[in-house]
Amino acid sequence: MNTLFLLAALIFSSGIAQAHEGHDKVPGAQISKMIPPGQVKTTSHMFVEVKEEKGTVKVLVFDHDKNDIPTKDVAIVASVKFPRKPKSEKVDFAPVGNMFEAKIDAKNSHRYTLDMTVTHGGKPEKMSFNIEPQQ
């Protein structure tokens, strides 16, 4: 009987441990600014959100207070790597409003890798996103 009581207490306490205060403040949680949300990567001083919509890849860069970083203050150098293709292809992102956009022909691929170096405040940050084009 004591074993059963101990087991029940252990199971109950593990549920409480998961629901502690601040559990919703996990790094990377609830930081998307795009609707619908894209993929978000974080660095020590900014967030980079990427979303693909019908051949157009959009990139939004914002600070940790969720304020957009002006496109004039950000530089992006990017390339895409398609499956079964030996070389990466350069991608040129252009500022459009508060974000960057680029047209990328997926070449009938179900997914590709977008490699980027995003520079803000003299700090270059390398990151990679797996993109699954929408049809």
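Only a predicted model underlies this, so the values are computations on that prediction, with no experimental measurement involved. (Residues numbered from 1 in each chain as written. Predicted model: local features only at pLDDT ≥ 70, side-chain atom pairs only at ≥ 80, totals over all residues. Heavy atoms only, no water.)

### Points about the sheet that holds strand S2 (residues 47-53)
Piece 1. Spatial ordering of the open sheet is given by S1-S2-S3-S7-S6, a layout of five strands whose pairing is antiparallel. Each having just a single partner strand, strand S1 (39-42) and strand S6 (94-96) make up the two edges of the open sheet. Taking the axes of each pair of neighbouring strands and ignoring which way they run, one obtains an average angle of 30 degrees across the sheet.
Piece 2. Examined bridge by bridge, S2 and strand S3 (residues 56-62) share seven bridges and lie antiparallel to one another. Note on S3: the bridge partner recorded for Glu53 is Thr56. (Pairing = 2+ DSSP bridges. Helix = DSSP H or I, 4+ residues; strand = E, 2+ residues; numbered from the N terminus. Axes fitted to C-alpha atoms, helices over the stretch in contact; angles between N-to-C directions.)

### Looking at the pattern of salt bridges
Piece 1. Scanning all chains against the criterion turns up seven salt bridges.
Piece 2. For Glu53, the salt bridge goes to Lys58, with nearest N and O atoms at 3.1 Å.
Piece 3. As a salt-bridge pair, Lys107 and Glu89 come within 2.4 Å of each other at their nearest N and O atoms. Of this pair, Lys107 sits in the loop between strand S7 (99-103) and strand S8 (112-120) while Glu89 sits in strand S5 (residues 89-91), and the two are 18 residues apart along the sequence.
Piece 4. We classify Glu89 as partly exposed; its relative accessible area is 31%. (Salt bridge = Lys/Arg side-chain N within 4 Å of Asp/Glu carboxyl O. Buried < 20%, exposed > 50% of the residue type's maximum accessible area, 1.4 Å probe, protein only.)

### Structural notes on the packing of aromatic side chains
What characterises a pair of aromatic rings is the spacing of the ring centres plus the angle enclosed by the ring planes.
Piece 1. Under the counting rule described, the total for this entry stands at two aromatic pairs.
Piece 2. Ring centres of Phe47 and Phe62 lie 5.4 Å apart, and the angle between their planes is 40 degrees; this geometry places the pair in the tilted category. With Phe47 in strand S2 and Phe62 in strand S3, this residue pair connects regions lying 15 residues apart in the sequence. Each member of the pair Phe47 and Phe62 is classed as buried.
Piece 3. With 5.3 Å between their ring centres and 55 degrees between their planes, Phe82 and Tyr112 make a pair best called tilted. Here Phe82 is found in the loop between strand S4 (74-81) and S5, whereas its partner Tyr112 is found in strand S8, with 30 residues between them in sequence.
Piece 4. Over the face of the ring belonging to Phe129 we find Lys41, whose NZ or CZ atom lies 5.1 Å from the ring centre. (Phe/Tyr/Trp six-rings, centres within 6.5 Å; stacked < 30°, edge-to-face > 60°. Lys NZ or Arg CZ within 6 Å of the ring centre and 35° of its normal.)

These values are about where atoms sit, not about what they do.
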